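Listed below are the residues making up each chain.
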Amino acid sequence: MLKNLIFAKSTIMKIFVFVLGLLLFSCNHARRTSDLKVNDLGYFESPGLNILVFSNWYNDNFSDSKISGVEIIHHGVRTATNGDVRLGPTPEQWDPIPEFVERKVNKEKNSIEAFLKYPKYNFKYEIKAEASEGGILLSVHIEKPLPRELEGIAGFNLEFLPAAYFSKTYLVDDKPGLFPLYPSSTIEVNKSGSAEAKPIAVGKYFVLAPEDPLRRVRIKVNDGMLSLFDGRNKAQNGWYVLRGLIPAGKSGKVVEWLLTANTVPNWKREPVIAHSQVGYHPNQEKIAVIELDRKDQPLKTARLLKIDGNGKWEEKYKGEIKSWGPYLRYNYASFDFTSIRDSG
């Protein structure tokens, strides 16, 4: 009786969360997306959103490193990575990665193409990203149908950072779900005899975090299906993985996703102050580096504050902030407080 009561309460709570997510989604239903443009650094950019396409490469020693393929930097946080053709739903450390061939950036057509291959299977493919409908159209192209040994195995994956979506809701074909805080997927044995997590959701249209304007992402396919996996079922550093299989017997454009990400109007990244975490010798040079959004400008002055045991702040120094200028994605400035020699 007690077990049934606990189960009923748990079920009611989950339903409540799902319904609340739907209500919040309805309140924030208006789509706020910005037109993405390929910038001079070779990636897509709009206020609050950057999408990189093979700007970086995997660590050769760790095939599950989260640093390559199609990547999303959403309101200052890299929330997705490893958008690539992989030979499993949740790749692990020793799983194969492709070889990079070349990358083409076309600012006039607002597109980026990457060419890769799996030599062992004589399998070559192209991933193309082009700005479309306020988002990105991601597609996979192959000249010949999949090798037979890769049928049902090769697919396009995009991995999402669990910490960005913990306990948030998602919608799949308008049906609500909840990103699990802990991995709990059913495990099955695949064709090769290895353990593999089953998808937690399958459909054609996913909305991730509809209730959160900073993390809301929509992904839609017309052909085939999308499957959502929890990579933490196989590895501690696993991420949530959205995956679409490459269909057997087809060539040309075999996968196409439309990805749009919500952006908050007039959003700017909060400044980051970099300083020594081990402290300074009283007589050494002491300079803090201030990292700013590219649209932001530094203040004229900064203050060095000291806090006592009662929580009281005391100004110890006030000085000029010197602008250093832009580098890659940010603006930089410095604050010199070398004159301070007091400990504490």
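What comes next is a walk through the structure. Each chain has its residues counted from 1, following the order in which its sequence is written. Where totals are concerned, whole chains, interfaces and linings use all residues; where local detail is concerned, this predicted model gives features only for residues with pLDDT of at least 70, and gives and counts side-chain atom pairs only at 80 or more. Where side-chain values are given, they derive from all heavy atoms of the structure, hydrogens and water being excluded.

On to the sheet that holds strand β17 (residues 217-220). The pairing criterion is simple: DSSP has to find at least two bridges between the two strands. Going along the chain from the N terminus, every DSSP run of H or I of four or more residues is numbered as a helix, and every run of E of two or more is numbered as a strand. The 9 strands lie next to each other as β6-β7-β8-β9-β20-β17-β16-β11-β12, forming an open sheet whose pairing is antiparallel. Every interior strand has two partners, whereas the edge strands, β6 (99-106) and β12 (175-178), have only one. The mean angle between the axes of side-by-side strands here comes to 20°, regardless of whether they run parallel or antiparallel. Summarising the sheet, strand β7 (residues 111-118) and strand β8 (residues 123-132) pair through 8 bridges and their orientation is antiparallel. Note on β8: the bridge partner recorded for Ala114 is Ile127. In this analysis, axes come from line fits to C-alpha atoms, helices being fitted only over the stretch in contact, and the angle between any two N-to-C directions falls in the range 0 to 180 degrees.

Working definition: a ring pair exists when centres of Phe, Tyr or Trp rings (six-membered ring for Trp) sit within 6.5 Å. Plane angles under 30 degrees give stacked, over 60 give edge-to-face, the rest tilted. Scanning all chains against the criterion turns up 16 aromatic pairs. Ring centres 5.1 Å apart and planes at 65° place the aromatic pair Tyr170 and Phe179 in the edge-to-face group. Relative accessible area decides the class of each residue, using a 1.4 Å probe on protein chains only: under 20% of the type maximum gives buried, over 50% gives exposed, and in between gives partly exposed. Judged by relative accessible area, Tyr170 falls into the buried class, the value being 6%. Using a relative accessible area of 2% as the deciding quantity, one classes Phe179 as buried. Measuring from ring centre to ring centre gives 5.9 Å for Tyr317 and Phe335, while their planes differ by 35°; the resulting arrangement is tilted. Here Tyr317, found in strand β24 (residues 313-327), pairs with Phe335, found in strand β25 (residues 330-336); they are 18 residues apart in sequence, far enough to count as distant. Judged by its relative accessible area of 23%, Tyr317 falls in the partly exposed class. Residue classification places Phe335 among the buried positions, given a relative accessible area of 5%. A network of ring pairs unites the aromatic residues Phe160, Tyr165, Tyr170, Phe179, Phe206 and Tyr240 as a single cluster. Its end group placed over the ring of Tyr58, Arg86 keeps NZ or CZ at 5.4 Å from the ring centre. Either the NZ atom of lysine or the CZ atom of arginine qualifies as a charge over a ring when it sits within 6 Å of the ring centre and within 35 degrees of the ring normal.

What follows covers the side chain of Asp84. The topology assignment puts Asp84 in strand β5 (residues 77-86). For the charge count, each Lys or Arg is scored as positive and each Asp or Glu as negative, with His and the chain ends excluded. Salt bridge, as applied in this entry: a Lys or Arg side-chain nitrogen positioned within 4 Å of an Asp or Glu carboxyl oxygen. Although Asp84 lies buried, it forms no salt bridge, and the closest oppositely charged side chain, Arg86, sits 5.5 Å away as judged by the N-O distance. Here the side chain of Asp84 touches Tyr58 through a polar contact of 2.7 Å, side chain to side chain. Residues count as neighbours in contact if any of their non-hydrogen atoms are within 4.5 Å of one another. Not counting chain neighbours up to four residues away, the residues in contact with Asp84 comprise Phe54, Tyr58, Pro98, Leu116, Tyr125, Ile127, Gly155, Phe156 and Asn157. Polar contact is the term for a pair of N or O atoms within 3.5 Å; when the atoms are in protein, one must be able to donate a hydrogen and the other to accept it, and sequence-neighboring residues count only if both atoms are side-chain atoms.

If a strand is regular, its side chains alternate between the two faces of the sheet. When you tally the buried positions in strand β10 (residues 155-160), you get 6 out of 6 residues, the bulk of the element. The pairing of β5 with β10 spans 5 bridges and is classified as antiparallel. Its bridge partner being in β10, Arg86 is matched across the sheet by Gly155. One ladder, built from 6 bridges, connects β10 with strand β19 (residues 240-245); its direction is antiparallel. Each residue of the ladder has a partner; that of Leu158, found in β19, is Leu242.

Patch criteria: residues need more than 30% relative accessible area and no salt bridge. Like-charged residues are merged within 9 Å; nonpolar side chains of Val, Leu, Ile, Met, Phe, Trp and Tyr are merged within 5 Å. Throughout, the Shrake-Rupley method with a 1.4 Å probe supplies accessible areas, and for residues the shown protein chains are the sole cover considered. The grouping of Leu41, Trp324, Tyr327 and Leu328 at the surface amounts to a nonpolar patch, some 480 Å² of accessible area in total. We classify Leu328 as partly exposed; its relative accessible area is 49%.

What follows concerns the pairing of β5. Summarising burial for β5: 8 of the 10 residues are buried, a large majority. Sheet topology note: the strand β4 (residues 70-74)/β5 ladder contains 4 bridges and is antiparallel. Bridging across to β5, Ile72 finds its partner in Ala80. Hairpin connection, β4 to β5: the antiparallel pair is bridged by 2 residues, and His75 has positive phi, about 50°.

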